[in-house]
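# Per-entry structural report
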Amino acid sequence: TLPKIAWIGLGIMGSPMSENLIKAGYDVTGFTLEQDKLDRLAAAGGTVAGSIAEAVRDADVIITMVPASPQVEAISYGPDGILENARSGALLIDMSSITPQTSVDLAKAAADRGIRVLDAPVSGGEAGAIEAVLSIMVGGEQADFDLAKPILQALGKTIVLCGPHGSGQTVKAANQLIVAVNIQACAEAVVFLEKSGVDLKAALDVLNGGLAGSTVLTRKKDNFLTRDFKPGFRIDLHHKDMGIVTDAARNVGAALPVGAVVAQLVASLRAQGDGGLDHSALLRAVERLSGA
Ligand code: NAD
(Lines give C-alpha, C1' and ligand atoms only; values in the text may rest on other atoms or scores of the structure.)
Protein backbone atom coordinates (compact mmCIF):
# COMPACT_ATOMS: atom_id res chain seq x y z
CA THR A 1 0.00 0.00 0.00
CA LEU A 2 1.07 3.56 -0.67
CA PRO A 3 2.47 5.63 2.19
CA LYS A 4 -0.01 7.94 3.91
CA ILE A 5 0.88 11.59 3.26
CA ALA A 6 0.46 14.71 5.40
CA TRP A 7 0.85 18.00 3.49
CA ILE A 8 1.50 21.30 5.29
CA GLY A 9 1.37 24.52 3.22
CA LEU A 10 -1.17 24.64 0.38
CA GLY A 11 -0.20 27.84 -1.43
CA ILE A 12 0.55 28.58 -5.08
CA MET A 13 2.84 25.53 -5.19
CA GLY A 14 1.50 23.26 -2.45
CA SER A 15 -2.08 23.12 -3.77
CA PRO A 16 -1.34 21.79 -7.27
CA MET A 17 1.48 19.56 -5.98
CA SER A 18 -0.69 17.89 -3.35
CA GLU A 19 -3.43 17.45 -5.96
CA ASN A 20 -0.97 15.58 -8.17
CA LEU A 21 -0.32 13.16 -5.31
CA ILE A 22 -4.07 12.62 -4.88
CA LYS A 23 -4.35 11.95 -8.63
CA ALA A 24 -1.52 9.42 -8.29
CA GLY A 25 -3.58 7.55 -5.70
CA TYR A 26 -2.05 8.78 -2.44
CA ASP A 27 -4.13 9.44 0.65
CA VAL A 28 -3.33 13.10 1.49
CA THR A 29 -4.28 14.92 4.69
CA GLY A 30 -3.52 18.64 4.57
CA PHE A 31 -3.27 21.72 6.72
CA THR A 32 -2.69 25.35 5.74
CA LEU A 33 -3.71 28.79 7.01
CA GLU A 34 -6.28 29.81 4.36
CA GLN A 35 -9.77 28.29 4.46
CA ASP A 36 -10.23 28.53 0.67
CA LYS A 37 -7.14 26.38 0.15
CA LEU A 38 -8.48 23.79 2.60
CA ASP A 39 -11.79 23.76 0.68
CA ARG A 40 -9.82 23.25 -2.53
CA LEU A 41 -8.02 20.25 -1.00
CA ALA A 42 -11.30 18.69 0.09
CA ALA A 43 -12.79 19.23 -3.38
CA ALA A 44 -9.75 17.48 -4.89
CA GLY A 45 -10.32 14.42 -2.71
CA GLY A 46 -7.95 15.15 0.16
CA THR A 47 -8.69 15.15 3.88
CA VAL A 48 -8.64 18.45 5.76
CA ALA A 49 -6.97 18.52 9.18
CA GLY A 50 -7.68 21.11 11.88
CA SER A 51 -4.05 21.43 12.97
CA ILE A 52 -0.53 20.34 12.14
CA ALA A 53 -0.67 17.76 14.94
CA GLU A 54 -3.82 16.23 13.51
CA ALA A 55 -2.42 16.22 9.98
CA VAL A 56 0.84 14.46 10.82
CA ARG A 57 -0.24 12.02 13.54
CA ASP A 58 -0.80 8.97 11.30
CA ALA A 59 1.39 9.99 8.37
CA ASP A 60 4.21 7.89 6.95
CA VAL A 61 5.51 10.84 4.95
CA ILE A 62 5.08 14.53 5.80
CA ILE A 63 5.62 17.11 3.07
CA THR A 64 5.99 20.80 3.85
CA MET A 65 5.77 23.70 1.37
CA VAL A 66 5.73 27.03 3.24
CA PRO A 67 7.32 30.41 2.40
CA ALA A 68 10.66 30.57 4.26
CA SER A 69 12.88 29.44 7.17
CA PRO A 70 10.80 31.09 9.95
CA GLN A 71 7.66 29.24 8.79
CA VAL A 72 9.52 25.93 8.50
CA GLU A 73 10.73 26.42 12.08
CA ALA A 74 7.25 27.42 13.27
CA ILE A 75 5.59 24.30 11.83
CA SER A 76 8.40 21.92 12.83
CA TYR A 77 9.29 22.83 16.41
CA GLY A 78 7.33 23.34 19.62
CA PRO A 79 4.50 21.36 21.23
CA ASP A 80 2.16 21.83 18.25
CA GLY A 81 4.84 21.17 15.64
CA ILE A 82 5.65 18.30 13.33
CA LEU A 83 8.56 16.80 15.33
CA GLU A 84 6.53 16.57 18.52
CA ASN A 85 3.49 15.00 16.85
CA ALA A 86 4.75 12.78 14.03
CA ARG A 87 5.37 9.07 14.50
CA SER A 88 8.92 7.90 15.04
CA GLY A 89 10.07 6.46 11.71
CA ALA A 90 8.19 9.03 9.63
CA LEU A 91 9.95 10.80 6.75
CA LEU A 92 9.73 14.61 6.60
CA ILE A 93 10.31 16.08 3.13
CA ASP A 94 10.63 19.87 3.28
CA MET A 95 10.12 21.30 -0.22
CA SER A 96 10.20 24.98 0.81
CA SER A 97 13.15 27.10 -0.35
CA ILE A 98 15.02 27.99 2.86
CA THR A 99 18.56 28.55 4.14
CA PRO A 100 20.74 25.41 3.94
CA GLN A 101 21.59 25.80 7.63
CA THR A 102 17.91 25.60 8.64
CA SER A 103 17.67 22.28 6.77
CA VAL A 104 20.81 20.93 8.46
CA ASP A 105 19.53 21.95 11.91
CA LEU A 106 16.09 20.45 11.24
CA ALA A 107 17.58 17.11 10.17
CA LYS A 108 19.61 16.99 13.41
CA ALA A 109 16.66 17.87 15.67
CA ALA A 110 14.42 15.37 13.86
CA ALA A 111 16.98 12.56 14.13
CA ASP A 112 16.78 12.85 17.93
CA ARG A 113 13.11 11.84 17.62
CA GLY A 114 13.61 9.09 15.07
CA ILE A 115 12.26 11.23 12.23
CA ARG A 116 14.20 11.30 8.96
CA VAL A 117 14.42 14.45 6.84
CA LEU A 118 15.11 15.39 3.24
CA ASP A 119 15.42 18.94 1.92
CA ALA A 120 13.78 18.89 -1.51
CA PRO A 121 13.21 22.40 -2.90
CA VAL A 122 11.88 22.71 -6.42
CA SER A 123 12.20 24.76 -9.57
CA GLY A 124 9.72 25.11 -12.42
CA GLY A 125 7.20 27.55 -11.00
CA GLU A 126 3.46 27.26 -10.71
CA ALA A 127 3.23 25.84 -14.25
CA GLY A 128 5.80 23.16 -13.40
CA ALA A 129 3.85 22.30 -10.26
CA ILE A 130 0.55 21.98 -12.14
CA GLU A 131 2.09 19.90 -14.93
CA ALA A 132 4.14 17.77 -12.46
CA VAL A 133 7.39 18.54 -14.31
CA LEU A 134 9.30 20.23 -11.48
CA SER A 135 13.02 19.92 -11.07
CA ILE A 136 13.58 18.65 -7.52
CA MET A 137 16.97 19.11 -5.81
CA VAL A 138 17.36 16.85 -2.83
CA GLY A 139 19.68 16.84 0.20
CA GLY A 140 19.89 13.96 2.65
CA GLU A 141 20.62 10.26 2.84
CA GLN A 142 20.44 7.83 -0.08
CA ALA A 143 18.03 5.40 1.66
CA ASP A 144 15.56 8.21 2.40
CA PHE A 145 15.91 9.52 -1.15
CA ASP A 146 15.09 6.04 -2.49
CA LEU A 147 11.98 5.93 -0.30
CA ALA A 148 10.86 9.41 -1.39
CA LYS A 149 11.55 8.94 -5.09
CA PRO A 150 8.19 7.43 -6.18
CA ILE A 151 6.39 10.27 -4.39
CA LEU A 152 8.63 12.92 -5.92
CA GLN A 153 8.10 11.36 -9.35
CA ALA A 154 4.41 12.25 -9.06
CA LEU A 155 5.45 15.90 -8.61
CA GLY A 156 8.39 16.40 -10.91
CA LYS A 157 10.46 15.17 -13.81
CA THR A 158 14.10 15.82 -12.89
CA ILE A 159 14.81 14.47 -9.40
CA VAL A 160 18.42 14.49 -8.19
CA LEU A 161 20.10 13.70 -4.86
CA CYS A 162 22.69 16.50 -4.62
CA GLY A 163 24.48 15.47 -1.39
CA PRO A 164 23.98 15.55 2.39
CA HIS A 165 21.33 17.57 4.29
CA GLY A 166 21.25 21.18 3.06
CA SER A 167 22.68 20.39 -0.40
CA GLY A 168 19.29 20.62 -2.06
CA GLN A 169 18.91 24.12 -0.63
CA THR A 170 22.37 25.14 -1.80
CA VAL A 171 21.52 24.04 -5.35
CA LYS A 172 18.16 25.84 -5.14
CA ALA A 173 19.96 29.03 -4.04
CA ALA A 174 22.13 28.76 -7.19
CA ASN A 175 18.95 28.23 -9.21
CA GLN A 176 17.45 31.45 -7.85
CA LEU A 177 20.62 33.38 -8.66
CA ILE A 178 20.51 32.17 -12.27
CA VAL A 179 16.79 32.88 -12.64
CA ALA A 180 17.03 36.43 -11.21
CA VAL A 181 19.98 37.37 -13.41
CA ASN A 182 18.24 35.83 -16.43
CA ILE A 183 15.02 37.80 -15.80
CA GLN A 184 17.04 40.96 -15.32
CA ALA A 185 18.85 40.43 -18.64
CA CYS A 186 15.52 39.85 -20.41
CA ALA A 187 14.00 42.95 -18.78
CA GLU A 188 16.93 45.11 -19.94
CA ALA A 189 16.55 43.71 -23.47
CA VAL A 190 12.80 44.42 -23.44
CA VAL A 191 13.28 48.09 -22.49
CA PHE A 192 16.08 48.47 -25.05
CA LEU A 193 13.98 46.87 -27.82
CA GLU A 194 10.90 48.97 -27.09
CA LYS A 195 12.86 52.22 -26.94
CA SER A 196 14.36 51.22 -30.30
CA GLY A 197 10.90 50.84 -31.81
CA VAL A 198 11.28 47.14 -32.67
CA ASP A 199 8.20 44.87 -32.51
CA LEU A 200 8.65 43.22 -29.13
CA LYS A 201 6.77 40.01 -29.79
CA ALA A 202 8.68 39.31 -33.00
CA ALA A 203 11.96 40.11 -31.27
CA LEU A 204 11.31 37.83 -28.29
CA ASP A 205 10.20 34.97 -30.56
CA VAL A 206 13.38 35.03 -32.62
CA LEU A 207 15.61 35.59 -29.58
CA ASN A 208 14.06 32.57 -27.89
CA GLY A 209 15.07 30.36 -30.84
CA GLY A 210 18.76 31.18 -30.46
CA LEU A 211 21.40 31.12 -27.74
CA ALA A 212 19.52 33.86 -25.86
CA GLY A 213 16.54 31.55 -25.49
CA SER A 214 15.67 30.26 -22.03
CA THR A 215 12.95 28.77 -19.88
CA VAL A 216 12.63 32.24 -18.32
CA LEU A 217 11.96 33.82 -21.73
CA THR A 218 9.48 31.08 -22.65
CA ARG A 219 7.58 31.26 -19.36
CA LYS A 220 7.74 35.03 -18.81
CA LYS A 221 7.34 36.31 -22.38
CA ASP A 222 3.63 37.01 -21.92
CA ASN A 223 4.27 38.89 -18.67
CA PHE A 224 6.75 41.10 -20.51
CA LEU A 225 4.37 41.67 -23.45
CA THR A 226 1.23 42.38 -21.42
CA ARG A 227 2.78 43.85 -18.24
CA ASP A 228 0.59 41.42 -16.31
CA PHE A 229 2.61 40.72 -13.17
CA LYS A 230 0.16 38.52 -11.30
CA PRO A 231 2.24 35.84 -9.46
CA GLY A 232 3.59 33.17 -10.25
CA PHE A 233 6.57 33.71 -8.05
CA ARG A 234 6.36 36.73 -5.80
CA ILE A 235 9.11 39.35 -5.59
CA ASP A 236 8.93 38.92 -1.78
CA LEU A 237 9.98 35.27 -2.16
CA HIS A 238 12.76 36.07 -4.62
CA HIS A 239 14.00 38.76 -2.23
CA LYS A 240 14.20 36.03 0.43
CA ASP A 241 16.10 33.77 -2.00
CA MET A 242 18.60 36.47 -3.00
CA GLY A 243 19.32 36.88 0.72
CA ILE A 244 19.87 33.13 1.04
CA VAL A 245 22.28 32.90 -1.90
CA THR A 246 24.14 36.07 -0.91
CA ASP A 247 24.72 34.80 2.65
CA ALA A 248 25.61 31.27 1.58
CA ALA A 249 28.07 32.55 -1.03
CA ARG A 250 29.70 34.90 1.47
CA ASN A 251 30.12 31.99 3.89
CA VAL A 252 32.13 30.03 1.32
CA GLY A 253 33.97 33.01 -0.18
CA ALA A 254 32.24 33.02 -3.58
CA ALA A 255 31.80 36.45 -5.22
CA LEU A 256 28.44 37.21 -6.86
CA PRO A 257 28.99 40.67 -8.38
CA VAL A 258 26.07 40.62 -10.83
CA GLY A 259 23.83 38.72 -8.42
CA ALA A 260 24.44 41.40 -5.80
CA VAL A 261 23.21 44.13 -8.16
CA VAL A 262 20.10 42.16 -9.11
CA ALA A 263 19.44 41.48 -5.41
CA GLN A 264 19.40 45.26 -4.89
CA LEU A 265 16.93 45.75 -7.75
CA VAL A 266 14.66 43.07 -6.26
CA ALA A 267 14.94 44.83 -2.88
CA SER A 268 14.06 48.19 -4.46
CA LEU A 269 10.93 46.74 -6.09
CA ARG A 270 9.85 45.43 -2.73
CA ALA A 271 10.55 48.78 -1.07
CA GLN A 272 8.35 50.45 -3.70
CA GLY A 273 5.39 48.24 -2.78
CA ASP A 274 5.76 45.69 -5.57
CA GLY A 275 6.66 42.71 -3.36
CA GLY A 276 3.41 40.92 -4.19
CA LEU A 277 4.04 40.99 -7.95
CA ASP A 278 5.58 38.22 -10.04
CA HIS A 279 9.38 38.37 -10.34
CA SER A 280 9.03 39.27 -14.03
CA ALA A 281 8.17 42.72 -12.57
CA LEU A 282 11.93 43.32 -12.56
CA LEU A 283 10.92 44.88 -15.88
CA ARG A 284 9.33 47.70 -13.84
CA ALA A 285 12.61 48.38 -12.05
CA VAL A 286 14.45 48.62 -15.36
CA GLU A 287 11.72 50.83 -16.85
CA ARG A 288 11.99 53.20 -13.90
CA LEU A 289 15.77 53.41 -14.37
CA SER A 290 15.27 54.15 -18.07
CA GLY A 291 12.40 56.59 -17.60
CA ALA A 292 10.24 54.26 -19.68
P1 NAD B 1 2.53 30.77 -0.92
O2 NAD B 1 2.70 31.97 -0.07
O3 NAD B 1 1.58 30.80 -2.07
O4 NAD B 1 2.09 29.51 0.01
C5 NAD B 1 2.62 29.26 1.28
C6 NAD B 1 1.61 28.47 2.09
O7 NAD B 1 2.20 28.16 3.34
C8 NAD B 1 0.31 29.21 2.37
O9 NAD B 1 -0.79 28.47 1.91
C10 NAD B 1 0.28 29.34 3.90
O11 NAD B 1 -1.00 29.12 4.46
C12 NAD B 1 1.18 28.19 4.31
N13 NAD B 1 1.72 28.43 5.65
C14 NAD B 1 2.53 29.44 6.08
N15 NAD B 1 2.74 29.33 7.40
C16 NAD B 1 2.05 28.26 7.83
C17 NAD B 1 1.84 27.63 9.09
N18 NAD B 1 2.39 28.13 10.20
N19 NAD B 1 1.06 26.53 9.14
C20 NAD B 1 0.48 26.02 8.04
N21 NAD B 1 0.63 26.57 6.81
C22 NAD B 1 1.40 27.66 6.72
O23 NAD B 1 3.99 30.37 -1.42
P24 NAD B 1 4.43 29.47 -2.70
O25 NAD B 1 4.57 30.36 -3.87
O26 NAD B 1 3.58 28.27 -2.77
O27 NAD B 1 5.91 29.07 -2.24
C28 NAD B 1 6.18 28.08 -1.24
C29 NAD B 1 7.67 27.78 -1.26
O30 NAD B 1 8.03 27.28 -2.55
C31 NAD B 1 8.56 28.99 -1.00
O32 NAD B 1 9.67 28.63 -0.24
C33 NAD B 1 8.98 29.40 -2.40
O34 NAD B 1 10.21 30.10 -2.40
C35 NAD B 1 9.07 28.06 -3.09
N36 NAD B 1 8.88 28.07 -4.56
C37 NAD B 1 7.88 28.80 -5.13
C38 NAD B 1 7.74 28.79 -6.51
C39 NAD B 1 6.67 29.60 -7.21
O40 NAD B 1 6.74 29.75 -8.44
N41 NAD B 1 5.66 30.11 -6.52
C42 NAD B 1 8.60 28.02 -7.30
C43 NAD B 1 9.59 27.26 -6.69
C44 NAD B 1 9.72 27.31 -5.30
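Everything numeric here is computed off the predicted structure, so don't read it as measured data.

## Notes on the overall build of the chain
The helix and strand inventory of the chain stands at 14 helices and nine strands. Computed over the C-alpha atoms, the radius of gyration of the chain is 20 Å, within 12% of the 19 Å expected from 2.2 N^0.38 for a compact globule of 292 residues. Dimensions of the chain, computed from C-alpha atoms along their principal axes, come out at roughly 60 × 45 × 35 Å.

## Some details on helix α12 (residues 235–252)
With 18 residues, α12 extends 26 Å between its outermost C-alpha atoms, agreeing within 8% with the 26 Å of an ideal straight helix rising 1.5 Å per residue. Considering only its buried residues, α12 is in contact with α6 (100–111), α9 (167–195) and α13 (257–274). Among the residues trailing α12, G253 stands out with phi positive, at a value near 75°.

## What to know about the site of the ligand
Neighbouring residues of the ligand: 28 residues in total, closest G9, G11, M13, L33 and F233. Ranked by residues supplied to the shell around the ligand, first place goes to helix α4 (residues 69–76) with three residues. For the shell around the ligand, the per-class residue count stands at 15 nonpolar, ten polar and three charged. If you count residues domain by domain, the shell around the ligand takes at least three from each of domain 1 (5–164) and domain 2 (170–290).

## What to know about the UniProt feature "domain: 6-phosphogluconate dehydrogenase NADP-binding" (unreviewed entry) in the chain
In this numbering, the UniProt entry assigns the feature "domain: 6-phosphogluconate dehydrogenase NADP-binding" (unreviewed entry) to residues 4–163. A distance of 26 Å separates the end C-alpha atoms of residues 4–163, which is 41% helix and 24% strand.

## Focus: the UniProt feature "domain: 3-hydroxyisobutyrate dehydrogenase-like NAD-binding" (unreviewed entry) in the chain
Here, UniProt's "domain: 3-hydroxyisobutyrate dehydrogenase-like NAD-binding" (unreviewed entry) annotation points to residues 166–285. Secondary structure across residues 166–285 comprises 75% helix and 0% strand; the distance between its end C-alpha atoms is 32 Å.

So, how was this worked out
- Residues numbered from 1 in each chain as written.
- Predicted model: local features only at pLDDT ≥ 70, side-chain atom pairs only at ≥ 80, totals over all residues.
- Helix = DSSP H or I, 4+ residues; strand = E, 2+ residues; numbered from the N terminus.
- Rg over C-alpha atoms; globule rule 2.2 N^0.38 Å.
- Expected span 1.5 Å × (residues − 1).
- Contact = placed C-beta atoms within 7 Å.
- Near = placed C-beta within 6 Å.
- Nonpolar A, V, L, I, M, F, W, Y, C, P; charged D, E, K, R; others polar.
- Domains from an automatic or database assignment.
- UniProt positions renumbered as here; feature names shortened; annotations may be inferred.

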